Amino acid sequence: AQSVTQPDIHITVSEGASLELRCNYSYGATPYLFWYVQSPGQGLQLLLKYFSGDTLVQGIKGFEAEFKRSQSSFNLRKPSVHWSDAAEYFCAVDTNAGKSTFGDGTTLTVKP
Amino acid sequence: DGGITQSPKYLFRKEGQNVTLSCEQNLNHDAMYWYRQDPGQGLRLIYYSQIVNDFQKGDIAEGYSVSREKKESFPLTVTSAQKNPTAFYLCASSIARTNTEAFFGQGTRLTVV
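From a predicted model like this one, the values you see are computed outputs, not experimental measurements. (Residues numbered from 1 in each chain as written. Chains lettered and ligands numbered in written order. Predicted model: local features only at pLDDT ≥ 70, side-chain atom pairs only at ≥ 80, totals over all residues. Heavy atoms only, no water.)

K.L.:
Would you explain the interface of chain B and chain A in this entry?
P.N.:
Accessible area lost upon the coming together of the parts serves often as the stated size of an interface. At the junction of the two partners, chain B supplies 22 residues and chain A supplies 23 residues. Joining chain B to chain A, the criterion identifies 1 salt bridge. Notably, a salt bridge pairs Glu101(B) with Lys49(A), separated by 2.9 Å at the nearest N-O pair. The tally of links between chain B and chain A comes to 5 residue pairs in polar contact (both at pLDDT 80 or more). Looking at the side of chain B that touches chain A, the elements with two or more residues in it are strand S4 (31-37), strand S5 (43-51) and strand S9 (87-94) of chain B. (Contact = heavy atoms within 4.5 Å. Salt bridge = Lys/Arg side-chain N within 4 Å of Asp/Glu carboxyl O. Polar contact = N/O pair within 3.5 Å; in protein donor to acceptor, adjacent residues only side chain to side chain. Helix = DSSP H or I, 4+ residues; strand = E, 2+ residues; numbered from the N terminus.)

Structure below.
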């Protein structure tokens, strides 16, 4: 069965600094990969997705992610973090008709 | 506006009572899902449905039941058999069988006292 690991439970960055959130997955073939963001008490919103093709994908709010097959990773990046980016971020993998497996999430705190 | 509506946002129930959480979507999606979220944990799949009148158990189905009588509705019942029902419940939908992203509702926070 597929699995997703987000090694960092909590990350703190200063506003304007760069950000990288890690995601590793376990699956034999090329999976469908997603990053979602969740504000407190809210549902999840899709940031970006990777299905095939270019391994560097662009998403909303200035986020991007790179799929690296050799490392089974799909790390999320942003060049300059804004205070409004503070939230919880979830990586997800989908290998079976729209049923996703989610990581445990990474909470991002942004320092002024 | 298309989207997923969960109601109510907050729900309080006494221990031993069954409670039903509502989820409605107007996205014309075939697939719908229920997830449970606890602090410090990711989303755990309770039930999912890829077509009307059919649904499958997810990873933590014990103590829960669902129905899918209409394409746009997928209510979740938390029964008295669920040992730890207090949690944040999220409903989602997606276009089935194409491995696309899920669209989420705003969640229902259930507290059992």
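Read on for the rest.
K.L.:
Please explain the packing of aromatic side chains as it appears in this structure.
P.N.:
Aromatic ring pairs are reported here in terms of the distance separating the ring centres and the angle at which the planes meet. Overall, the coordinates contain 16 aromatic pairs over all chains when judged by the stated rule. With 6.1 Å between their ring centres and 75° between their planes, Phe102(A) and Phe104(B) make a pair best called edge-to-face. With Phe102(A) in strand S11 (residues 100-102) and Phe104(B) in strand S10 (residues 103-104), this residue pair bridges two chains. For the residue pair Phe102(A) and Phe104(B), the accessibility class agrees, reading buried in each case. Among the aromatic side chains, those forming a connected cluster through ring pairs are Tyr32(A), Phe34(A), Tyr36(A), Phe51(A), Phe102(A), Tyr33(B), Tyr35(B), Tyr48(B) and Phe104(B). (Phe/Tyr/Trp six-rings, centres within 6.5 Å; stacked < 30°, edge-to-face > 60°. Buried < 20%, exposed > 50% of the residue type's maximum accessible area, 1.4 Å probe, protein only.)

K.L.:
Looking at this model, I keep getting lost on the confidence of the model for chain A. Mind explaining?
P.N.:
Fine structural detail should not be taken from predicted coordinates in areas where pLDDT scores are low. Chain-level statistics for chain A give a pLDDT mean of 92 and a share of 96% at 70 or above. Element-level mean pLDDT values for chain A span from 88 in S11(A) up to 98 in strand S3 (residues 19-21) of chain A. (pLDDT = per-residue confidence, 0-100.)

K.L.:
Sorry if this is basic, but what is going on with the side chain of Ser73(B) here?
P.N.:
Relative to the assigned elements, Ser73(B) resides in the loop between strand S7 (64-66) and strand S8 (76-78). Look past the residues within four positions of Ser73(B) in its chain and what remains in contact with it is Cys23(B), Glu24(B), Met32(B), Ser67(B) and Arg68(B).

K.L.:
Where do I start with the sheet that holds strand S3 (residues 19-25) of chain B in this structure?
P.N.:
The strands making up a sheet associate through backbone hydrogen bonding, with each pair oriented either parallel or antiparallel. Residue and element names in this part refer to chain B. Strand order in this open sheet of 4 strands is S1-S3-S8-S7, and the pairing throughout is antiparallel. Each edge of the open sheet is held by one strand with a lone partner, namely strand S1 (4-7) and S7. For this sheet, the mean angle separating the axes of adjacent strands, direction not counted, is 20°. (Pairing = 2+ DSSP bridges. Axes fitted to C-alpha atoms, helices over the stretch in contact; angles between N-to-C directions.)

K.L.:
Which parts of the structure should I look at to understand unusual backbone geometry?
P.N.:
Apart from glycine, the bulk of residues carry a negative phi angle, and the bulk of peptide bonds sit in the trans form. Residue and element names in this part refer to chain B. With an omega of -10°, the peptide bond running from Ser 7 to Pro 8 counts as cis. Here Asn 28, not a glycine, exhibits a phi torsion of approximately 60°, which is positive. Within the element layout of this structure, Asn 28 appears in the loop between S3 and S4.

K.L.:
Explain the pattern of salt bridges here, please?
P.N.:
Where charged atoms from two side chains of opposite charge come close, those side chains can pair. Residues and elements named next belong to chain A. Tallied over the full model, the rule gives 8 salt bridges over all chains. For Arg 77, the salt bridge is made with Glu 66, and the minimal N-O distance between the two is 3.2 Å. One end of the pair, Arg 77, is in strand S9 (residues 73-78); the other, Glu 66, is in strand S8 (residues 64-68), and 11 residues separate them in sequence. Given a relative accessible area of 23%, Arg 77 falls into the partly exposed group.

K.L.:
How should the nonpolar core be read in this particular structure?
P.N.:
Leu19(A), Trp35(A), Leu47(A), Leu48(A), Phe74(A), Leu76(A) and Tyr89(A) are the most contacted members of the largest nonpolar core, which totals 26 residues. Taken together, the elements giving at least two residues each to this core come down to strand S2 (10-14), S3, strand S5 (32-38), strand S6 (44-50), S8, S9, strand S10 (87-94) and strand S12 (106-111) of chain A. Sequence-distant contacts of Tyr89(A), that is, excluding residues within four places in its chain, are made with Gln6(A), Leu21(A), Trp35(A), Tyr36(A), Val37(A), Leu47(A), Phe63(A), Leu76(A), Gly105(A), Thr106(A) and Leu108(A). Counting 19 residues, the second largest nonpolar core, distinct from the first, contains Ala61(B), Leu76(B), Ala87(B) and Tyr89(B). (Core = buried A, V, L, I, M, F, W, Y, C linked by side-chain atoms within 4.5 Å.)

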